Amino acid sequence: MDVLDSQRQVSGVCFDLLLQELVPLSLRVSHFDDKKGQLQESDKDYQTRIDTKLSQLDGDYPGTVAIYDSKTLNEDEETLKVEAYGYSTGLRLTEVLMYKAGNSLNKIVDILDIMKFVCRDVWKCSFNKQMDNLRTNHRGTFVLIDNEHRLISRLNSSKGNPDSISKARSYLWFSCGLIRGVLMSFGVEAHVSAEISQFPSVIFNIQTTINN
């Protein structure tokens with residue numbers, strides 16, 4: 001029996017909620033109060049209450065979204081952390097998908113096949129949909145288009161669409177890292193960037209050194 005088939009699948013809603021916590025988690029790790037974080041033996045029953053700050057950031061209490069107003073939201077330190085989460089996920093996800101597919105993915109022999117694997121299998125597994133478009137200049141540059149990127153599609157700022165887009169950019173580093181991790185699993189080094197063309201549509205630009 002396949003050990004992976006014997007395991008329960010993750011709820012789509014729970015997975016979405018987990019992904020939404022990527023950026024707040026990264027920010028809170030960077031601004032965690034070390035002194036408060038060192039619990040003593042007598043603090044085994046320590047609980048986070050509604051008036052307990054989650055980090056040193058102003059107004060960061062349970063049930064609030066004040067953390068998204070942090071000035072460090074899109075700083076390099078934070079974006080690198082989020083990208084690293086995606087990269088690590090991409091490496092591991094490729095192994096699982098390749099194992100599950102068996103001989104059916106043996107046709108992945110060149111960079112274009114790898115990109116199709118990203119658009120089809122990786123995106124379907126991660127975001128429950130495929131990429132909407134794949135373009136290439138056949139000289140190592142690829143453009144992948146997701147017309148409704150699930151990772152940001154539910155973000156909605158009370159300050160309007162421009163603010164939603166500004167905050168959504170921090171999440172795109174996870175998706176960029178995911179793609180880069182998958183490519184590295186096949187031995188392909190790449191630079192991946194993303195831009196929001198029309199919220200929540202996202203364009204991923206991928207530059208490799210391989211001519212297809």
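Below you will find a few notes about this structure. Predicted model only: the values in this text are computed from it and were never measured. (Residues numbered from 1 in each chain as written. Predicted model: local features only at pLDDT ≥ 70, side-chain atom pairs only at ≥ 80, totals over all residues. Heavy atoms only, no water.)

1. A few points about the overall build of the protein chain
At step 1: For the protein chain, the count of helices and strands is seven helices and four strands.
At step 2: In the protein chain, which comprises 212 residues, the share counted as buried stands at 38%.
At step 3: Counting only contacts in the protein chain whose residues sit at least 6 apart along the sequence, the fraction spanning at least 24 positions is 62%.
At step 4: With the model as given, the accessible surface of the protein chain reaches about 12,800 Å², and the carbon-plus-sulfur share is 50%. (Helix = DSSP H or I, 4+ residues; strand = E, 2+ residues; numbered from the N terminus. Buried < 20%, exposed > 50% of the residue type's maximum accessible area, 1.4 Å probe, protein only. Contact = heavy atoms within 4.5 Å. Areas by Shrake-Rupley, 256 points an atom, 1.4 Å probe, with all protein chains shown as cover.)

2. Examining helix H4 (residues 76–101)
At step 1: Between the first and last C-alpha of H4 there are 37 Å, a value that for 26 residues agrees with the 38 Å anticipated at 1.5 Å per step.
At step 2: Immediately downstream of H4, the backbone of Gly-102 shows phi near 65 degrees, a positive value. (Expected span 1.5 Å × (residues − 1).)

3. As for the packing of aromatic side chains
Aromatic ring pairs: the centre-centre distance and the angle between the two ring planes describe each pair.
At step 1: Following the criterion strictly, the structure yields four aromatic pairs and no others.
At step 2: An aromatic cluster of at least three residues, connected via ring pairs, comprises Trp-123, Phe-127 and Phe-204. (Phe/Tyr/Trp six-rings, centres within 6.5 Å; stacked < 30°, edge-to-face > 60°.)

4. Topic: the environment of Arg-92
At step 1: Locating Arg-92 in the fold gives a position in helix H4.
At step 2: Once the C-alpha coordinates of Arg-92 and Val-182 are considered, the two residues, 90 residues apart in sequence, prove to be 8.3 Å apart.

5. Details of the nonpolar core
At step 1: Counting residues in hydrophobic clusters, the biggest one holds 45 residues, and the most contacted among them are Trp-123, Ile-152, Ile-179, Leu-183 and Ile-206.
At step 2: Elements with a contribution of two residues or more to this core: helix H2 (22–30), H4, helix H5 (111–127), strand S2 (141–146), helix H6 (150–153), helix H7 (161–185), strand S3 (190–198) and strand S4 (201–208).
At step 3: Among the elements that line this core, the one with the most residues is H7, at 10 residues.
At step 4: Beyond its immediate sequence surroundings of up to four residues, Ile-206 is in contact with Met-115, Gly-140, Thr-141, Phe-142, Leu-144, Ile-179, Leu-183, Ala-190, His-191 and Val-192. (Core = buried A, V, L, I, M, F, W, Y, C linked by side-chain atoms within 4.5 Å.)

6. Remarks on the pattern of salt bridges
At step 1: Scanning the entire structure with this criterion turns up 12 salt bridges.
At step 2: A salt bridge links Arg-28 to Asp-60; the shortest N-O distance between them is 2.9 Å. Separated by 32 residues along the polypeptide, Arg-28 in helix H2 and Asp-60 in the loop between helix H3 (34–37) and H4 bring together distant segments of the chain.
At step 3: Note on Asp-60: relative accessible area 0%, which makes it buried.
At step 4: One network of salt bridges, with partners in common, ties together Asp-69, Lys-159, Asp-163 and Lys-167. (Salt bridge = Lys/Arg side-chain N within 4 Å of Asp/Glu carboxyl O.)

7. Looking at the sheet that holds S4
At step 1: Across the sheet, which stays open at both edges, the four strands sit in the order S1-S2-S4-S3 with antiparallel pairing between neighbours. In the strand order of this sheet, the two ends are held by strand S1 (133–136) and S3, each with one partner. This sheet shows a mean twist of 20 degrees between the axes of neighbouring strands, independent of strand direction.
At step 2: With six bridges joining them, S2 and S4 adopt antiparallel strand pairing. Among the inter-strand pairings, Leu-144 is bridged to a residue of S4, identified as Phe-204. (Pairing = 2+ DSSP bridges. Axes fitted to C-alpha atoms, helices over the stretch in contact; angles between N-to-C directions.)

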